[in-house]
Amino acid sequence: MKTIQAIRGMRDILPEQTGWWRRMERQLYAALAQFGYQEIRTPILEPTELFKRSIGEETDIVEKEMYTFEDRDGSKLTLRPEGTAAVVRSYIENSQWQKEPLSRWYYMGPMFRHERPQKGRYRQFYQVGVELLGAEAPAADVELIDVMLQCMGAIGLQGFTLELNSLGCMSCRPSYREKLQIFLKKNQEKLCDNCRRRMDTNPLRVLDCKVNTCRQVGEEAPKILDHLCQDCGTHFQTVREGIEALSIAYHINHRMVRGLDYYTRTTFELLADGLGAQNAVAAGGRYDGLVSALGGSQMPAVGFAAGLDRILLKLLETLQKPETPESIFVVTRGPGAWPAGLAVMQNLRNKGLVVRSDVRQGSIKAQMKRADKDGARFVLVLGEDEVAEGAVTVKDMKAAPDSADKQKKIARDALTSYLLEKLSVANGVGK
RNA sequence: GUGGGUGUAGCUCAAUUGGUCGAGCGCUGGAUUGUGGUUCCAGAGGUUGUGGGUUCAAGCCCCAUCAUCCACCCCA
């Protein structure tokens, strides 16, 4: 029979891996809580229209990377390709700005894009995204960048660079766009085919083309930072001051623009060393126009998203395996041993201990091997003798062979306190 | 979407110019009665990703397809 395999670009995260994921998620929750951010969970499926309006019709994501299909009534649905659109939709739908002027939200979960899979790039991938809605002040931008770096620090990621730019606003970007377009037109014979096309539809994107000749043109092109209006200029300047006050190293990349249409003013990107072409680990910026573009009132906001698959990939290069708590393994053999063992295990678990056994039973030797493989600290043996005496043999797997506590027969009613004392010493809890 | 590399045991990899596909690790069992790790012994596990083709003969050559990796594209 033909076996069924996972869809291309989508993969299982097996139990041997989920420990890493859970630790990373826990650390992120903790870091975000420190800044007062709260989690929001939105549906994975949204009306296609939401992404067309927020990300932009002309973007690659919307044009060719979305998983879109028809619902039974013919309406178009899309598996979310990113998180901000849904968050903003929810923000508006729930009249959030009327409940409180400022919302600090984050989300974590799978996103879907139909791209060619590669290392660190999957069709179902995981992001954590952080949004600060309702503040126009540069302090908001600075806080988000601070949060981003704190998050990376919390999960133990190091070796990256922060890049910063400003895209201006609705009042200064159009005139810059025009100047850029004129410049590009003059130099169009040096541009690649792709850029010659983009020159008209989205001239800013020419700046981050990787083709060498385009890069040269980009270097000589008028810089947006020189064409910001006064408000955008002072905003950006204040953001820089804040980042410097936090002693965060960064550099200006005037060629960093965004693939999503909704960004305004500050944009930033965190690049990790040693991930090849997939080195953008987190990125974000300000999107003052998005809430109103989706039908809400004019509401400024900043946000960023981080790619967890890539981060974990990088983390695995350096980090040690997460520690597991010391555990107990119960071995039973002979008449009456199994039910007695069940009662013992139930009792110990009620005390909060990690207790396992080999449900296949088998020889004592086989069960001991299992206990060792599972990394158990203590093995409790209940054989015929122990059952008859109402006792349990406790073996300390880590103790030296000649140690007095290596193996001891303990009365069943003294067992719990014996183990609790042993384990609290082992785990460094207690006095 | 474009170009290229790679698919052999659960994992990492061998296999001469096309001539019986092996090893290490892992897994299971055993080394005298109820005790793990180390050691020793044994065993299981493969239509060589899949489907065609060439040939007396294909893991190896050809075509297709799927998966994966790298680069481009794009992005987190």
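Structure: see above.
Quick notes on the rules
- Residues numbered from 1 in each chain as written.
- Chains lettered and ligands numbered in written order.
- Predicted model: local features only at pLDDT ≥ 70, side-chain atom pairs only at ≥ 80, totals over all residues.
- Heavy atoms only, no water.
- Near = heavy atom within 4 Å.
- Polar contact = N/O pair within 3.5 Å; in protein donor to acceptor, adjacent residues only side chain to side chain.
- Helix = DSSP H or I, 4+ residues; strand = E, 2+ residues; numbered from the N terminus.
- Pairing = 2+ DSSP bridges.
- Axes fitted to C-alpha atoms, helices over the stretch in contact; angles between N-to-C directions.
- Contact = heavy atoms within 4.5 Å.
- Expected span 1.5 Å × (residues − 1).
- Buried < 20%, exposed > 50% of the residue type's maximum accessible area, 1.4 Å probe, protein only.
- Arc of directions from axis to C-beta.
- Disulfide = S-S within 2.5 Å.

A. Quick peek at the protein's contact with RNA strand B. Residues in contact with RNA strand B amount to 44 residues; listed here are only the nearest, R113, K119, R198, R205 and A280. For RNA strand B, the backbone portion of the atoms within 4 Å of the protein, that is sugar and phosphate, comes to 54%. One of the side-chain nitrogen or oxygen atoms of D372 is found 3.2 Å away from a sugar or linking oxygen of RNA strand B. Side-chain polar atom of K406 to a base oxygen of RNA strand B: 2.7 Å apart, as the coordinates give it. Those elements giving two or more residues to the surface near RNA strand B turn out to be α3 (60-65), β6 (124-133), β10 (280-286), β11 (301-307), α14 (364-373) and α15 (384-389). In terms of residue count, the dominant contributor to the surface near RNA strand B is α14 (seven residues).

B. How the structure looks around the sheet that holds strand β12 (residues 327-332). Pairing within the open sheet is mixed, and its five strands lie in the order β13-β12-β14-β15-β16. This sheet does not close on itself; its edge strands, each paired only once, are β13 (354-357) and β16 (407-411). Going across the sheet, the axis of each strand differs from the next one's by a mean of 25 degrees, ignoring polarity. The sheet contact formed by strand β14 (residues 378-382) and strand β15 (residues 391-396) spans four bridges and is antiparallel. Bridging from a neighbouring strand, V379 pairs with K395 of β15. Across the sheet, α14 is in contact with β12, β14 and β15; its angle to β12 comes to roughly 170 degrees.

C. Helix α13 (residues 337-350), seen in detail. Its 14 residues place the ends of α13 20 Å apart at the C-alpha level, agreeing with the 20 Å of an ideal helix rising 1.5 Å per residue. Those residues of α13 lying buried are A337, A340, G341, V344, M345 and L348. The buried residues of α13 occupy an angular sector of 135 degrees when projected down its axis, which confines them to one face. Set apart from the buried face of α13 by more than 90 degrees, the exposed residues are Q346 and N350.

D. Local environment of the pairing of β15. Across the six residues that make up β15, a large majority, five, are buried. By the bridge criterion, five bridges tie β15 to β16 in an arrangement that is antiparallel. For K395, the partnering residue across the bridge sits in β16 and is Q407.

E. Quick peek at the state of the cysteines. For the coordinates displayed, the defined rule picks out zero disulfides. Residue C229 stays outside any disulfide, its sulfur separated by 3.5 Å from that of C232, the closest cysteine. A residue is classified by how much of its surface remains accessible, and C229, at 21% relative accessible area, is partly exposed.

By themselves, these are just geometric observations and shouldn't be taken as functional.
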